[in-house]
Amino acid sequence: MLFGCAHNLIATTQLPALKRLFDTLTPRSLAPLMLVPQPALQTLEADPSQASNPLACSIKVMTVNIHKGFTFFNRKFILHELRDAVRLVGADVVFLQEVAGTHATHADKFDNYPDTPHYEFLADSIWPEFAYGRNAVYNKGHHGNAVMSKFPIIHHENRDVSISGPERRGLLHCVLQMPGDRPHVHAVCVHLGLLGSHRQQQLDLLCDMVRHDVPLSAPVVVAGDFNDWRHHANSHLAKGAGLHEVFEQAHGRSARTFPARFPLLRLDRIYVRNAVAHAPMVLPRKPWSHLSDHAPLAAEIIF
């Protein structure tokens, strides 16, 4: 455990056009877009001296949309491979989107389909604490967001931020207990809608949650799939809740994460408040481009 104390794309109607774009790209034209680790850089609104403060705490976080355990276009069930890859990252806190809770027929189709909910299967013996927020419910089962943690989750709440229509979205808010007398960390796992008008309202609801449900001085980490291909969320959350995106602070722009094989769009984010982010990175193309349609993000958070 690293701890120191000293498609959901745009609208689905645009997916065929995006696929045609990919078909026209050559390996040479794609080379600048390949995933590479971002250089280490300390950031953010908190005092940068915290990075060298022997009393500061450090946790490693990651976020990934796991597409209910299937590869892009649902061609193969790869949850076991995904679990192995998530373990290798060594994160203390993992933010997951599109996590299957139950599904009535998949167990009959796939021999290796787990008997437990996917968040329990992924947490296994590595993350003793986990919380799940059910968002989408259908005849055969449901899926939503999850947080897996090596620290006690002393409280969690799933906030329904669905606007209208068939899309069901939620904000999973967890309070993590740190060792000793150190402040609780508030972790919010996010999956926002495909429509811009819905996202604007959902960002307002996220700001309201952070302002009203989180103590002003508490460390906050908000991560997930924002579907923010128009790049509105960073300024919205900075102004409305004092949240700052770690890649934008480190490198001037949020990271490209979608689609994982040839990342073009900056959909996935990690935001912090009252914390310093160190070494934010996009996880490498292999094996992740095979395991999710979104490239995962990771960072060390110091508070």
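Preceding block: the structure.
These remarks concern the structure in this document.

Conventions we followed
Residues numbered from 1 in each chain as written. Predicted model: local features only at pLDDT ≥ 70, side-chain atom pairs only at ≥ 80, totals over all residues. Heavy atoms only, no water. Helix = DSSP H or I, 4+ residues; strand = E, 2+ residues; numbered from the N terminus. Buried < 20%, exposed > 50% of the residue type's maximum accessible area, 1.4 Å probe, protein only. Areas by Shrake-Rupley, 256 points an atom, 1.4 Å probe, with all protein chains shown as cover. Disulfide = S-S within 2.5 Å. Pairing = 2+ DSSP bridges. Right-handed = clockwise from strand over helix to strand, strands pointing away. Contact = heavy atoms within 4.5 Å. Axes fitted to C-alpha atoms, helices over the stretch in contact; angles between N-to-C directions. Salt bridge = Lys/Arg side-chain N within 4 Å of Asp/Glu carboxyl O.

1. Remarks on the overall build of the protein chain
Moving on, step 1. Of regular secondary structure, the protein chain possesses nine helices and 13 strands.
Moving on, step 2. When the 303 residues of the protein chain are sorted by exposure, 53% land in the buried category.
Moving on, step 3. Put simply, the protein chain shows about 13,100 Å² of open surface, and 54% of that area lies on carbon and sulfur atoms.

2. Here's the deal with the state of the cysteines
Moving on, step 1. For the structure on display, the rule yields zero disulfides.
Moving on, step 2. No disulfide involves cysteine 189; its nearest neighbouring cysteine sulfur is the one of cysteine 174, lying 8.0 Å away.
Moving on, step 3. Cysteine 189 gets classed as buried once you look at its relative accessible area, which sits at 0%.

3. Quick word on the pairing of strand S8 (residues 185-191)
Moving on, step 1. Burial analysis of S8 places seven of its seven residues in the buried class, the great majority of the element.
Moving on, step 2. Of the two faces of S8, both are covered, the one formed by Val185, Ala187, Cys189 and His191 as well as the one formed by His186, Val188 and Val190.
Moving on, step 3. The pairing of strand S7 (residues 170-176) with S8 spans seven bridges and is classified as antiparallel. By the bridge assignment for S8, leucine 171 is matched with valine 190.
Moving on, step 4. Here six bridges tie S8 to strand S9 (residues 220-225), and the two strands are oriented parallel to one another. Across the sheet, residue cysteine 189 finds its bridge partner in S9, namely alanine 223.
Moving on, step 5. One crossover worth recording links S8 to the parallel S9 by way of helix H6 (residues 196-213), and it is right-handed.

4. Examining the sheet that holds S8
Hydrogen bonding along the main chain pairs the strands of a sheet, whether they run parallel or antiparallel.
Moving on, step 1. Taking strand neighbours across the sheet as the criterion, the six strands line up as S6-S7-S8-S9-S11-S10 in an open arrangement whose pairing is mixed. The open sheet is flanked by strand S6 (153-160) and strand S10 (244-245), the only strands paired with a single partner.
Moving on, step 2. Strand direction decides the pairing type here: S6 and S7, joined by seven bridges, are antiparallel. Bridge pairing in S7 places aspartate 160 opposite glycine 170.
Moving on, step 3. Its contacts with the sheet place H6 against S6, S7, S8, S9 and strand S11 (268-273), and it is angled at close to 25 degrees to S7.
Moving on, step 4. The sheet contacts of helix H7 (residues 233-241) involve S10 and S11, and relative to S11 the element is tilted by about 20 degrees.

5. A short note on the pattern of salt bridges
Moving on, step 1. Scanning all chains against the criterion turns up eight salt bridges.
Moving on, step 2. Of the charged contacts, one joins aspartate 124 and arginine 87 as a salt bridge, the two residues approaching to 2.4 Å between their closest N and O atoms. Here the residue aspartate 124 occupies a position in the loop between helix H5 (118-123) and strand S4 (129-138), and arginine 87 occupies one in helix H3 (residues 79-89), the gap between them amounting to 37 residues.
Moving on, step 3. Given a relative accessible area of 43%, aspartate 124 falls into the partly exposed group.
Moving on, step 4. For arginine 87, a relative accessible area of 30% puts it in the partly exposed group.
Moving on, step 5. The partner of arginine 269 in a salt bridge is aspartate 228, and the shortest N-O contact between them spans 3.0 Å. Placement of the pair is arginine 269 in strand S11 and aspartate 228 in the loop between S9 and H7, with a sequence separation of 41 residues.
Moving on, step 6. By relative accessible area, which is 1% here, arginine 269 ends up buried.
Moving on, step 7. By relative accessible area, which is 3% here, aspartate 228 ends up buried.

Read these as geometric descriptors, not functional statements.
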